[in-house]
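For reference, the chains in residue letters:
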Amino acid sequence: MTTEPLATAARSLREASDVADDDEVAERLASQADQFERHADAESGPDHGQLARHEHILSSISDDEGDTAVAEHIGEALAAIRSYRETVEGV
């Protein structure tokens, strides 16, 4: 199973964090980026439940933020997460 989509998600979230105007939003996005970097480096990736939680958090941040650039980067991350999720067995 390839972890490249997880690394892509991490990069997109790092970029979202860099362009976020709100310090709290930037910190939340950086935290998510850190988690995806760890997922990408781990021997086994996240399961469906973990990915669903990440998706929920990121969707909430995107909805609350309202910044187009931030939302675009989050959208890229979510697309990568969904791509990876297609390779995860189970649900």
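Now for a quick tour of the structure. Just so you know, these numbers come straight off a predicted model, no measurement behind them.

Here's the deal with the overall build of the chain
Reasoning step 1: A count of helices and strands for the chain gives 4 helices and 0 strands.
Reasoning step 2: Counting helices and strands in the order they occur from the N terminus, the chain gives α-α-α-α.
Reasoning step 3: Since a compact globule built from 91 residues should have a radius of gyration of about 12 Å, the 12 Å found for the chain is in line with a globular shape.
Reasoning step 4: In terms of principal-axis extent, the alpha carbons of the chain reach across some 35 × 20 × 15 Å.
Reasoning step 5: Taking all 91 residues of the chain together, 41% fall into the buried category.
Reasoning step 6: Put simply, of all contacts in the chain between residues at least 6 apart along the chain, 69% involve residues at least 24 apart.
Reasoning step 7: As presented, the chain carries roughly 5,200 Å² of accessible surface, and 44% of it is formed by carbon and sulfur atoms.

Topic: the pattern of salt bridges
Reasoning step 1: All told, the structure shown has 5 salt bridges when counted by the stated rule.
Reasoning step 2: Glu-4 is the partner of Arg-11 in a salt bridge, and the nearest nitrogen-oxygen pair spans 2.8 Å.
Reasoning step 3: Among the salt bridges present, the one from Glu-37 reaches Arg-14, with a minimum N-O distance of 3.1 Å. One end of the pair, Glu-37, is in helix 2 (residues 23-41); the other, Arg-14, is in helix 1 (residues 4-19), and 23 residues separate them in sequence.
Reasoning step 4: On the basis of relative accessible area, Glu-37 is assigned to the partly exposed category, the value being 34%.
Reasoning step 5: One connected set of salt bridges, linked through shared partners, spans Arg-14, Asp-34 and Glu-37.

Some words on the side chain of Glu-55
Reasoning step 1: Mapped onto the fold, Glu-55 is located in helix 3 (residues 48-65).
Reasoning step 2: Accessibility expressed as a relative area gives 11% for Glu-55, which makes it buried.
Reasoning step 3: A distance of 2.5 Å separates a polar atom in the side chain of Glu-55 from a polar atom in the side chain of Arg-85.
Reasoning step 4: Apart from residues lying up to four places away in sequence, Glu-55 is in contact with Leu-78, Ile-81, Arg-82 and Arg-85.

Comments concerning the side chain of Glu-65
Reasoning step 1: For Glu-65, the position within the fold is in helix 3.
Reasoning step 2: No salt bridge is formed by the buried Glu-65; its nearest oppositely charged neighbour, Arg-28, is found at 8.2 Å.
Reasoning step 3: Beyond its immediate chain neighbours, meaning those up to four positions away, Glu-65 contacts Asp-21, Asp-22, Val-25 and Val-70.

Overview of the nonpolar core
Reasoning step 1: Counting residues in hydrophobic clusters, the biggest one holds 24 residues, and the most contacted among them are Leu-13, Leu-29, Phe-36, Leu-58, Ile-74 and Ile-81.
Reasoning step 2: Of all the elements in the fold, those that place two or more residues in this core are helix 1, helix 2, helix 3 and helix 4 (68-85).
Reasoning step 3: If we skip the residues at most four places from it in the chain, Ile-74 touches Leu-13, Ala-16, Leu-29, Leu-58, Ile-61 and Ser-62.

The rules behind each value
- Just so you know, the residues in each chain are numbered from 1, in the order the chain's sequence is written.
- In keeping with the predicted nature of the model, local features appear solely for residues at pLDDT of at least 70, side-chain atom pairs appear and are counted solely at 80 or more, and the whole-chain, interface and lining totals rest on all residues.
- To obtain the side-chain values, all non-hydrogen atoms of the structure were included, while hydrogens and water were left out.
- Helix numbers and strand numbers start at the N terminus; a helix is a DSSP run of H or I with at least 4 residues, a strand a run of E with at least 2.
- Here the globule rule is a power law, 2.2 Å times the number of residues to the power 0.38, and the radius of gyration is based on C-alpha atoms.
- Accessibility here uses a 1.4 Å probe with only protein chains present; expressed as a share of the type maximum, an area under 20% marks a residue as buried, one over 50% as exposed, and anything in between as partly exposed.
- Contact criterion: two residues are considered in contact whenever any of their non-hydrogen atoms come within 4.5 Å of each other.
- Note on areas: Shrake-Rupley with a 1.4 Å probe; residue coverage comes only from the protein chains shown.
- Within this document, salt bridges are pairs made up of a side-chain nitrogen of Lys or Arg and a carboxyl oxygen of Asp or Glu, the two lying within 4 Å of each other.
- Nitrogen and oxygen atoms within 3.5 Å of one another constitute a polar contact, given that in protein one can donate a hydrogen and the other can accept it, and given that sequence-neighbouring residues count only through two side-chain atoms.
- His is not counted, nor are the chain ends; Lys and Arg add positive charge and Asp and Glu add negative charge.
- Nonpolar core, defined: a set of buried Ala, Val, Leu, Ile, Met, Phe, Trp, Tyr and Cys residues in which side-chain atoms within 4.5 Å join the residues together.

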